[in-house]
Amino acid sequence: MKKELIFNSDLHFEHKLWRRELFFWEDELKSFNLRLDELVNRWTNKEMLAQLEHYQNQFILQENNIDKLQNEINIHEANISKSTKQGKDLLDIHLVKNHIEFRNKMEVQRHIYRDLKKEFFTFLSSYM
């Protein structure tokens, strides 16, 4: 059975990709919130305003999730850096396990974010 080696640089590269993805989501959420502001000024219907509030709350939750994920990346990066400074280019099993768990969190977050975005665009198309 062949064992695959995982290097710090490989995990660092994946962290960079995740950070870019999270920054993109943050930027998108800013745009979505601006759109909500426009709609709040345009509509007075209570049902519509309730839906806008729902999306505002969902966007706040997503912003919090993004912050938590970014913080986890920073912690993992610090652990990688510490390992590299100790002359270890290969990660130990515990750090790799944490990385794989985080990869799964990112995948779940992608689905949640994608579904929210799709729902929001459907909502917008029905009121625009």
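Structure: above.
What counts, and at which threshold
Residues numbered from 1 in each chain as written. Predicted model: local features only at pLDDT ≥ 70, side-chain atom pairs only at ≥ 80, totals over all residues. Heavy atoms only, no water. Helix = DSSP H or I, 4+ residues; strand = E, 2+ residues; numbered from the N terminus. Buried < 20%, exposed > 50% of the residue type's maximum accessible area, 1.4 Å probe, protein only. Contact = heavy atoms within 4.5 Å. Areas by Shrake-Rupley, 256 points an atom, 1.4 Å probe, with all protein chains shown as cover. Axes fitted to C-alpha atoms, helices over the stretch in contact; angles between N-to-C directions. Parallel < 35°, antiparallel > 145°, perpendicular 65-115°, else oblique. Left-handed = near helix turned anticlockwise from the far one by under 90°. Nonpolar A, V, L, I, M, F, W, Y, C, P; charged D, E, K, R; others polar.

(A) Looking closely at the overall build of the chain. When its secondary structure is counted, the chain shows 3 helices and 0 strands. For the chain, the α and β elements follow one another from N to C terminus as α-α-α. Within the chain, the fraction of its 128 residues that count as buried is 30%. Look at the contacts in the chain between residues 6 or more apart in sequence, and 86% of them connect residues 24 or more apart. Carbon together with sulfur atoms contributes 55% to the accessible area of the chain, which is approximately 8800 Å² in total.

(B) Molecular detail of the packing of helix H1 (residues 8-42) against helix H3 (residues 93-127). Across the interface, H1 lies against H3 with an axial gap of 12 Å and an inter-helix angle of 25°. As judged from the angle between their axes, H1 and H3 are roughly parallel. For the element pair H1 and H3, the recorded crossing hand is left-handed. Looking at side-chain class alone, the contact of H1 with H3 contains 15 nonpolar, 3 polar and 7 charged residues.

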